[in-house]
Amino acid sequence: MLGIIKSRKKAADSKNLFSEQELLTLADKVVQRYAYTIPQAEREDVKMSMIEKFLSQQDQITEKFEGKSGKNTYGYAVLNRICCGVIRKEMKRWQNHIDYQQDDSSSEQNTLDALLIKDEIRLLAKVLILMNDAHKSTVFMASYYKLSPKEQFVSEYDLNYIENKLLELLHIETGISKGEIYNCLSKVVNVVERKDVKSDAVRMWLNKQMEIAISRLNGPFKRASYDKESLQVLFEYFYMEQ
């Protein structure tokens, strides 16, 4: 791991925000945050990819630091964003590997990792089912995370989804802003539920639903430490399985 950093001359440059050890420490903390969704055997590779991407963008990252937050807070946020990108890129490969490991008892740790991630996906499925407006919550979270609408979920939310052209309304472009997503979702509510709600009302409702999901995933005894970003990773696992 250190060899990757040392191979980059810029990492030793005094103008850079982080020392080698600081970068490694922050990367490790970020990966631990996603312990439920990154197989243990993949965690070092994820850290390696994170640090390589960080170093490749180091000049821009340093220039954008305005000092409004602590240096470590800023670095953690940047690495967290990078980590989410790495997870999304590797998620399908990991999922295929997990399915394979369930039929392969040659590696006890790999099997445990597979079962752990599967258990978290099943838990999220139960959490979503037990929520008020369960189908709506699933459909709207998928749109919020810019995932393509799935007919099976959309049809459960709106029996007239074809007539209402809901699949088209729920199609979210990659570069669209959060504000524009809420505007799209408010149109969906107004068409399906025959209401006249504004995007801000949809934003507050969806944020509340996510908070409920996070609270139930973490449990009353803090079995986990999910937040909105790690919920997104788990939701994408869940959505990919359906």
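Asks: I'd like a description of the overall build of the chain, backed by residues and values.
Replies: Within the chain, the secondary structure is distributed over 12 helices and zero strands. For the chain, the succession of helices and strands along the chain, N to C, is α-α-α-α-α-α-α-α-α-α-α-α. Sequence separation of 24 or more characterises 65% of the internal contacts of the chain that already satisfy a separation of 6 or more. When the accessible surface of the chain is summed, it comes to about 13,200 Å², and 51% of that surface belongs to carbon and sulfur atoms.

Asks: Lay out the side chain of Lys118 in plain terms, naming residues and giving numbers.
Replies: Within the secondary structure, Lys118 sits in helix α6 (residues 108-129). With relative accessibility at 10%, the residue Lys118 sits in the buried group. Here the side chain of Lys118 touches Glu241 through a polar contact of 2.5 Å, side chain to side chain.

Asks: Tell me what's going on with the nonpolar core, and back it up with residues and numbers.
Replies: In terms of nonpolar packing, the biggest core is built from 69 residues, with Met50, Phe140 and Phe235 touching the most fellow members. Among the elements that take part in this core, helix α5 (residues 71-101) stands out by supplying 10 residues, more than any other. Here this core spans two domains, and each of domain 1 (2-96) and domain 2 (108-241) adds at least three residues to it. In this structure, Phe235 is in contact with Leu124, Leu128, Thr138, Met141, Ala142, Tyr145 and Leu147, ignoring residues within four places of it in sequence.

Asks: Which residues make up helix α12 (residues 228-241), and what values go with them?
Replies: Spanning 14 residues, α12 covers 20 Å between terminal C-alpha atoms, matching the ideal 20 Å at 1.5 Å per step. Taken across its 14 residues, α12 has 10 buried, putting it largely inside the fold. What α12 keeps buried is the set Ser230, Leu231, Gln232, Val233, Leu234, Phe235, Glu236, Tyr237, Phe238 and Tyr239. N-cap assignment for α12: the residue whose side-chain oxygen lies 3.2 Å from the backbone N of Glu229 is Asp227.

Asks: Residues and numbers for the confidence of the model for the chain, please.
Replies: In this model, the chain carries a mean pLDDT of 85, and residues with pLDDT of at least 70 account for 86%. Here residues 5-14 is a poorly scored stretch, pLDDT under 50, and it has 16 contacts once near neighbours within four places are set aside; other chains count.

Asks: Please provide a residue-by-residue account of the side chain of Glu120, values included.
Replies: With respect to the element layout, Glu120 can be found in helix α6. Since its relative accessible area comes to 2%, Glu120 is described here as buried. Engagement of the side chain of Glu120 in a polar contact is seen with the side chain of Arg223, the distance being 2.4 Å. Setting aside residues no more than four positions away along its own chain, Glu120 makes contact with Tyr36, Arg223, Tyr226 and Leu234.

Asks: Which residues make up the packing of aromatic side chains, and what values go with them?
Replies: Under the counting rule described, the total for this entry stands at 12 aromatic pairs. On the basis of an interplanar angle of 80° and a centroid distance of 5.7 Å, the ring pair of Phe140 and Trp205 is categorised as edge-to-face. Highlighted residues: Phe140 in helix α7 (residues 134-144) and Trp205 in helix α11 (residues 199-218), separated in sequence by 65 residues. Owing to a relative accessible area of 0%, Phe140 belongs among the buried residues under this scheme. Classification of Trp205 by relative accessible area gives partly exposed; the value is 21%. Summarising the aromatic geometry, the rings of Phe235 and Tyr239 are spaced 5.7 Å apart at their centres and angled 20° between planes, so their arrangement reads as stacked. Of this pair, Phe235 and Tyr239 both sit in helix α12, four residues apart, which is roughly one turn of the helix. Considered together, Phe235 and Tyr239 belong to a single accessibility category, that of buried residues. Three or more aromatic residues joined by ring pairs make a cluster, and in this case those are Tyr144, Tyr145, Phe153, Tyr182, Phe235, Phe238 and Tyr239.

Asks: How would you sum up the packing of helix α2 (residues 20-33) against helix α3 (residues 43-56)? Please name residues and give values.
Replies: It is at 10 Å that the axes of α2 and α3 come closest, and there the two elements cross at 130°. Taken together, the axes of α2 and α3 lie oblique to each other. Two packed elements cross with a definite hand, and for α2 against α3 that hand is right-handed. Between α2 and α3, the residues in contact are Leu23, Leu24, Ala27, Asp28, Val30 and Val31 and Arg43, Val46, Lys47, Met50, Ile51, Phe54 and Leu55, respectively.

Asks: I'd like a rundown of the packing of helix α10 (residues 178-192) against α11, residues and numbers included.
Replies: One can describe the packing of α10 onto α11 by two numbers: an axis separation of 8 Å at closest approach and a directional angle of 95°. Compared by their axis directions, α10 and α11 come out roughly perpendicular. Here Tyr182, Asn183, Leu185, Ser186 and Val189 of α10 lie close against α11, whose contacting residues are Ser199, Val202, Arg203, Leu206 and Asn207. Of the residues belonging to the contact of α10 with α11, the class tally is five nonpolar, four polar and one charged.

The rules we used
- Residues numbered from 1 in each chain as written.
- Predicted model: local features only at pLDDT ≥ 70, side-chain atom pairs only at ≥ 80, totals over all residues.
- Heavy atoms only, no water.
- Helix = DSSP H or I, 4+ residues; strand = E, 2+ residues; numbered from the N terminus.
- Contact = heavy atoms within 4.5 Å.
- Areas by Shrake-Rupley, 256 points an atom, 1.4 Å probe, with all protein chains shown as cover.
- Buried < 20%, exposed > 50% of the residue type's maximum accessible area, 1.4 Å probe, protein only.
- Polar contact = N/O pair within 3.5 Å; in protein donor to acceptor, adjacent residues only side chain to side chain.
- Core = buried A, V, L, I, M, F, W, Y, C linked by side-chain atoms within 4.5 Å.
- Domains from an automatic or database assignment.
- Expected span 1.5 Å × (residues − 1).
- pLDDT = per-residue confidence, 0-100.
- Phe/Tyr/Trp six-rings, centres within 6.5 Å; stacked < 30°, edge-to-face > 60°.
- Axes fitted to C-alpha atoms, helices over the stretch in contact; angles between N-to-C directions.
- Parallel < 35°, antiparallel > 145°, perpendicular 65-115°, else oblique.
- Left-handed = near helix turned anticlockwise from the far one by under 90°.
- Nonpolar A, V, L, I, M, F, W, Y, C, P; charged D, E, K, R; others polar.

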